[in-house]
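Now for the letters of each chain:
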Amino acid sequence: MYAPTMSHPKPKVRRNTTTFWYLVGGLVISGLMVLTCAGILGAAYYFLDTSIPSGVTVAGLPVGGKSVDSAAIYLQQNLPAAVLLTDGDRSWNVALLDLGIAIDYQSSAESALNARSGTNLAPSYIIDLNQTQNGLVVLSEQVNIAAVPGDPPQMGRSLEIPVMLDRIRADASGELMDGILELSMIQVEPPPLESINRSDSARTTHIVEAGQELSLIAKMYGVSIEDILAVNDIPNPDVINVGQELVIPAAGVYEPDASQAPPAPTQAGKAIVVSTSEQRIYAYENGVLVHSHLTSTGRAETPTVLGDYQVYVKYRATDMSGPGYYLPQVPYTMYFYQGYGIHGTYWHNSFGRPMSHGCVNLPVEEAEWFFNWAEVGTLVRVI
C-alpha cells in the first residue's frame, strides 16, 4: 500500500542578537577606554610638564621652555645684582645687597611657570628694610649736597630716606625691574645764621659727624659760618670731612637763656615747647628752662601741627608709617597728637632745618634725654 509523502516546513534560523549587542558593547567600551586612557595620559602630560610657557620672560630674560630649576639657575647667572641710582644727571651703581635687597631666583622662576605665554615678569625680591635703611644712610653721604649760606646762597639737596623706604617696601619689583631707581630728593635751604655766641677766648673742638653741614654746625654752636671758616682757615665751606676736627669759637653748644627762649607754658610741672620758626625744642620744669636743642620739624608741604597737646604714649622703638613714607624701629618716640611725635632720628643729621613729614626730629641721644625726662601727660606746645 502506498503511503503518501508528507512535506515539513524548514525551521527558521534565529539570530543570536544577544551576542551581537555584546560585541557592539564591547567595541564601544573598548573605544571609551582608549579615549579615557588617552585623556588621562594627556592630563598627566599636562600636569607633569614643568616647563615654563613659551615666550615668558623675567626682567626681559627669556625663560620659556625651561624647567623651574634651570630657569632659577639661568636667572642667577644673568640678572644684574646691582641697581643704577639716579638723581638728574648724577648716577651711582650700587649692589642690591648693600641696600638689603636680594633677588629670589627660585620664586621668580616659579612665578614664570604659572604665567601666560608672552608675559614679562618682574623678579621677586627678599628685603631687609633695616639693612635697606642703613644702606640709604651710607648712600646719603655720597648723594647729599650741602646747603651753604652766602650771596647768593647755595641750595642743597638731601636724600629723602623715609620716602625711599616706603617705595621699596610697597613695590620693590616695580621699582627695580628695569635696573634703574630714581632717588627721592628734597631741596633744602641754608639756615639764616647769626653770630650770637662768639667768643674771642673760648674754644670748643667739634668732630664732624656723618651728614653734618658746616652751616648747621655753626647754628648748633650759635656762631656764624664765617667765624668757623676764619678760625680753621677753611677756604671752601663746601668741603668738610667726617672725623675732621673743627675749632669752634664758643664755649660749647649754644643753649639759650630764659630771655631768649619762648615763655614757659606752665609754672607747675614739666612742659615742652617746640618752635618751628627757630627749629628748636625747649624743656621746662616748674616754669624754669632746663634744656634745649636744635630739632627738625615738618617741611612746608608736611607741616608740624601747631597748638597745645599732651604726650599720650611712649615707645622705646616703633615702626612709623604715613602717606608716602615708612621708617622701621624709630627710637625714643613720644606721640603727642595722632601720628605726630617727638623722636630720635638716625637717617639725617640736618637738625636746625625743617626735614620731617610732620614729626619733631631729634638726634638719638637728645631724643633719649627727652624720653627719660618727660612723662605721659606732659604738655607739648608747638608754636
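That block above? That's the structure.
Keep in mind it's a predicted model, so treat the numbers as computed, not measured.

So, how was this worked out
Residues numbered from 1 in each chain as written. Predicted model: local features only at pLDDT ≥ 70, side-chain atom pairs only at ≥ 80, totals over all residues. Heavy atoms only, no water. Pairing = 2+ DSSP bridges. Helix = DSSP H or I, 4+ residues; strand = E, 2+ residues; numbered from the N terminus. 1 Å grid on protein atoms, 1.4 Å probe; cavity = no way out; pocket = protein on both sides within 12 Å on 5 of 7 lines; lining within 4 Å. Points joined across faces, edges and corners; volume = space filled by probe spheres on them. Nonpolar A, V, L, I, M, F, W, Y, C, P; charged D, E, K, R; others polar. Contact = heavy atoms within 4.5 Å.

Undergrad: So what's going on with the pairing of strand β21 (residues 379–382)? Residues and values would help.
TA: Two elements, strand β13 (residues 270–275) and β21, share four bridges in a ladder whose sense is parallel. Pairing of V273 across the sheet is with R381, part of β21. In the sheet, strand β16 (residues 307–310) pairs with β21 via four bridges, with the strands oriented antiparallel. Paired with D308 across the bridge in β21 is R381.

Undergrad: Requested: an account of empty space enclosed by the protein, with residues and values cited.
TA: This model, assessed by the stated rule, comprises one cavity of 30 Å³ or more. There is about 170 Å³ of room inside the largest cavity. Looking at the largest cavity, it is lined by 18 residues, and the ones nearest its centre are P162, L327, W347, S356 and H357. Elements supplying a minimum of two residues to the lining of the largest cavity: α5 (161–176) and β18 (325–337). Here the residues of the lining of the largest cavity are counted per class, giving ten nonpolar, six polar and two charged.

Undergrad: Which residues make up the side chain of T345, and what values go with them?
TA: Here T345 is to be found in the loop between β19 (340–344) and β20 (360–362). If we skip the residues at most four places from it in the chain, T345 touches F351, N361, L362, P363 and V364.

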